[in-house]
Amino acid sequence: MITWIYRLIVLLVSIFVVVNLVSKEKIKDQANAVIVLIPLLLRLLMIK
Amino acid sequence: MKRKHISAIIILIGALIVTFYSGRMFLSMYQEEPIVTGPGVSSVVKLSTYFPGLEGSYGDTDVYIMKGREPGGSTLVLGGTHPNEPAAYIASVVLIENVVVKKGTLYVIPRSNRSAFTHNDPQEGAPQRFYIETPFGERWFRFGSRATNPVHQWPDPDVYIHAASGQQLSGSETRNLNRGYPGRADGTFTEQVCYAIRNMINTEGIDLSIDLHEASPEYPVINAIVAHERAMPIAADVAITMQSNEVNIGLEPSPVNLRGLTHRELGDSTETFAVLMESANASQGRLRGRTDEALVLSGVDPMYEKAADLGRLFVPYDENGHPLEVRVARHLFGIESFIISMSSYDGNKAMIVSEIPSYQNMVSRGVGAYLLPVE
Amino acid sequence: MRKLSLLIIIIAAASLFTIGCGGDESVSKTSQQESAVSVQVSVKALEGPIAETPIILTSAGQSADVKMIESLLKKGGMEYEINEVLDSSGLGEARTLVIAIGGSSKGLGAAGIDAEDEIDRIDALLKEAAAKGLTIIGMHIGGEGRRGELSDKFIKASVEFVDYLIVVEGGDKDGMLSGIAAENDIFMSRVGSIVDSYGALKKAFP
């Protein structure tokens with residue numbers, strides 16, 4: 001159960017990061033956001 | 001579509017590609033290297049035989065049983081308690097692929113913490129695999145982590161409290177197999193593996209348990225045997241045998257106040273003679289330089305040579321390093337000496353084991369000479 | 001002004017770097033020299049028996065070396081008793097005290113005592129043994145691995161009291177043990193390995 005709650009939280013945070021990424025004007029800021037996103041995706045999929 | 005949206009889509013696709021390839025790389029650690037069942041292996045069972053709660057999990061691991069024709073004593077060898085200590089793992093594989101037992105029974109668990117083989121420690125720059133040349137081609141082995149994969153057991157508490165004693169350790173130690181003994185059936189994943197191993201020792205009435213390890217060259221307990229007090233007479237005999245054959249090894253008593261380790265808990269909670277052996281492994285040390293497959297295999301490291309010159313190490317260290325074959329040879333020599341010593345200590349626990357590669361042969365011929373071809 | 005500050009910072013950094021490098025080099029050379037040179041001090045060799053049984057065996061520093069000595073005594077068929085934490089009241093009928101010298105933090109932990117208490121125990125025990133006229137034989141069999149800050153404390157606390165010192169030579173590379181033996185006119189044998197140490201011990205008995 002706790003794992004599913006955790007994954008839901010990670011999913012929500014990932015969505016926020018994507019929304020933030022899309023809203024950024026500068027490519028540099030978008031790259032910044034995507035660096036945060038990759039480990040979240042790996043965690044969401046319980047790979048690492 | 002705005003320019004920023006186009007760039008966002010491109011970057012997101014890039015992120016998915018990176019996630020896919022890195023994910024595939026991480027997941028490749030789940031692929032198990034082949035271990036060939038040698039001529040002496042009579043059966044292979046799962047650890048869950050001794051605790052069904054492990055069935056189907058990454059804690060369930062293979063137990064190789066080598067039963068002699070004649071009844072006698074029994075010995076358990078634990079390899080892969082810490083999969084970033086390769087000589088311990090490889091020594092147990094060499095046993096499985098070579099040893100023939102004539103009297104008594106030898107149990108070998110090469111991947112004691114199977115989950116810890118499925119990842120390696122972040123930010124350590126460690127290789128995922130190392131390769132050993134054999135007369136039949138290359139064999140590959142994983143270089144894993146000291147601890148259970150956090151995918152299989154999480155979250156870590158801030159403080160790990162050892163259940164049987166209340167001893168407090170740092171939170172990540174909760175995933176260290178050698179801090180979880182005697183284990184609990186309703187405990188964490190790691191404690192359940194400990195519990196299964198303890199149950200196995202009790203169920204089979206195993207007389208001697210040898211937990212194989214390696215240590216950083218800057219760690220004081222190195223090239224050493226650590227023995228539970230009941231095992232001390234046997235361990236003293238083994239240390240003398242090894243030293244008289246010019247294999248320098250120390251002997252340390254198992255502290256009563258250091259809980260959760262095999263040499264303490266298995267000795268206290270079962271009838272087994274519990275001992276642990278350490279060799280010198282630069283690839284897990286904190287003072288190491290470049291961490292690659294060569295370091296795992298050769299132990300040659302200029303940083304450790306420098307540390308030795310400064311008097312910071314507990315083992316001699318020169319340009320020859322501490323090669324894997326020497327570390328494996330030490331473990332095998334120790335295991336053979338323990339079996340012989342136990343046999344003379346108590347005739348009811350006598351075992352006759354052959355085909356353990358000798359120290360000299362392992363050092364001169366290398367590990368590859370003692371690995372079988374993979375079908 | 002800014003240029004001047006920059007210049008000062010650069011000079012300071014450069015001198016720190018030079019000092020750092022120079023320091024490392026000298027430490028490295030010194031320790032290399034130390035490890036390369038094995039100090040030999042001439043000591044008094046044992047010429048005949050000086051001890052008699054029964055033996056009581058104890059430890060100075062709680063290392064498991066005492067267990068290895070016990071194993072040698074047992075194999076050699078010598079009459080002995082062992083008490084790793086023997087105190088001055090426990091000497092009983094023993095005529096010879098054999099003391100295994102070398103510290104182990106794990107061993108001290110196992111015995112539940114700290115280094116200072118261990119030194120106090122050894123001091124009282126050795127003084128009592130000497131007063132009772134026992135022959136005291138010290139054995140340092142752990143080689144280089146039983147040297148260092150912890151073990152040296154026990155060496156200093158015990159060696160000067162012994163009548164005969166047996167040392168596996170790796171433990172005396174710096175000449176510390178033979179130095180104390182020479183200074184205190186103690187018989188000493190340097191042996192190559194732990195197995196040889198039994199022969200040296202046997203020589204002390206008729």
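To be clear, the structure that these remarks concern was listed above.
Because the structure is predicted, anything quoted here is derived from the model rather than measured.

Asks: Is there a simple way to explain the overall build of chain B in this structure?
Replies: Within chain B, the regular secondary structure consists of nine helices and 13 strands. In summary, chain B has a C-alpha radius of gyration of 21 Å against a globular reference of 21 Å for 375 residues, a match within 12%. Overall, chain B is about 85 × 50 × 45 Å in size when its C-alpha atoms are taken along their principal axes. When contacts within chain B are restricted to residue pairs at least 6 apart in sequence, those whose partners lie at least 24 apart make up 75%. Accessible surface, chain B as shown: approximately 14500 Å² in total, 52% of it carbon and sulfur. Counting 31 positive and 42 negative side-chain charges, chain B places the centres of these two groups 7 Å from one another.

Asks: For this particular structure, what's the right way to read the packing of aromatic side chains?
Replies: Given two aromatic rings, their pairing is described by the distance between the two centres and the angle made by the two planes. Evaluated as defined, the whole model comprises ten aromatic pairs over all chains. Each member of the aromatic cluster is reached from another via a ring pair, and the members are Tyr-89, Phe-117, Phe-130 and Phe-141 of chain B. In this structure, Arg-7 of chain A packs its charged tip against the face of Trp-4 of chain A, placed 4.9 Å from the ring centre. Above the face of the Tyr-58 of chain B ring, Arg-114 of chain B is positioned so that its terminal group lies 4.5 Å from the ring centre.

Asks: Just checking my understanding: could you explain a nonpolar patch on the surface for this structure?
Replies: Residues and elements named next belong to chain A. A contiguous nonpolar patch, built from Leu-8, Leu-11, Leu-12, Ile-15, Phe-16 and Val-19 and spanning about 570 Å² of accessible area, is present on the exposed surface. Assignment of secondary structure puts Leu-8 in helix H1 (residues 2-23). Residue classification places Leu-8 among the exposed residues on the basis of a relative accessible area of 54%.

Asks: What's the story with the nonpolar core in this structure? I'm lost.
Replies: Across soluble globular proteins, nonpolar side chains show a tendency to be buried alongside one another. Of all hydrophobic cores here, the largest spans 88 residues; its most connected members are Ile-90, Ile-225, Leu-251 and Phe-338 of chain B together with Ile-137 of chain C. The contact partners of Leu-251 of chain B, leaving out residues within four places of it in the chain, are Ile-225, Ala-227, Met-232, Ala-235, Ala-236 and Ala-239 of chain B together with Ala-64, Met-68 and Arg-146 of chain C. With 30 residues, the next largest nonpolar core counts Leu-108, Phe-154, Val-162 and Leu-165 of chain C among its residues.

Asks: Can you help me understand the interface of chain A and chain B in this one?
Replies: With 21 residues of chain A in contact, the opposing surface of chain B contributes 20 residues. Among the residues chain A hides against chain B, the three largest losses belong to Ile-38, Ile-47 and Lys-48 of chain A. Together they make up 29% of the total. On inspection of chain A and its partner chain B, the count reaches one salt bridge. A salt bridge links Glu-25 of chain A to Lys-4 of chain B, with the shortest nitrogen-to-oxygen separation between them at 3.4 Å. For the side of chain A that touches chain B, the secondary structure elements donating two or more residues are H1 and helix H2 (27-44) of chain A. With nine residues, the single largest contributor to the side of chain A that touches chain B is H2 of chain A. Looking at the side of chain A that touches chain B, its residues break down into 14 nonpolar, three polar and four charged.

Asks: Can you help me understand the layout of surface pockets in this one?
Replies: Rolling a probe over the atoms, with the probe sized like a water molecule, indicates the empty space that remains. Residue and element names in this part refer to chain B. Taken as a whole, the second largest pocket encloses approximately 690 Å³ of empty space. Lining the second largest pocket are 36 residues, with His-82, Asn-84, Glu-85, Arg-146 and Gln-284 sitting closest to its centre. If you list the elements that add at least two residues to the lining of the second largest pocket, you get strand S9 (208-215) and strand S12 (273-280). A per-element tally of the lining of the second largest pocket places S9 first, with three residues. By residue class, the composition of the lining of the second largest pocket is ten nonpolar, 13 polar and 13 charged.

What counts, and where the lines are drawn
Residues numbered from 1 in each chain as written. Chains lettered and ligands numbered in written order. Predicted model: local features only at pLDDT ≥ 70, side-chain atom pairs only at ≥ 80, totals over all residues. Heavy atoms only, no water. Helix = DSSP H or I, 4+ residues; strand = E, 2+ residues; numbered from the N terminus. Rg over C-alpha atoms; globule rule 2.2 N^0.38 Å. Contact = heavy atoms within 4.5 Å. Areas by Shrake-Rupley, 256 points an atom, 1.4 Å probe, with all protein chains shown as cover. Lys, Arg positive; Asp, Glu negative; His and termini not counted. Charge placed at Lys NZ, Arg CZ, Asp CG, Glu CD. Phe/Tyr/Trp six-rings, centres within 6.5 Å; stacked < 30°, edge-to-face > 60°. Lys NZ or Arg CZ within 6 Å of the ring centre and 35° of its normal. Patch = residues over 30% accessible without salt bridge, like charges linked within 9 Å, V, L, I, M, F, W, Y side chains within 5 Å. Salt bridge = Lys/Arg side-chain N within 4 Å of Asp/Glu carboxyl O. Buried < 20%, exposed > 50% of the residue type's maximum accessible area, 1.4 Å probe, protein only. Core = buried A, V, L, I, M, F, W, Y, C linked by side-chain atoms within 4.5 Å. Buried area = accessible area lost by both parts, 1.4 Å probe. Nonpolar A, V, L, I, M, F, W, Y, C, P; charged D, E, K, R; others polar. 1 Å grid on protein atoms, 1.4 Å probe; cavity = no way out; pocket = protein on both sides within 12 Å on 5 of 7 lines; lining within 4 Å. Points joined across faces, edges and corners; volume = space filled by probe spheres on them.

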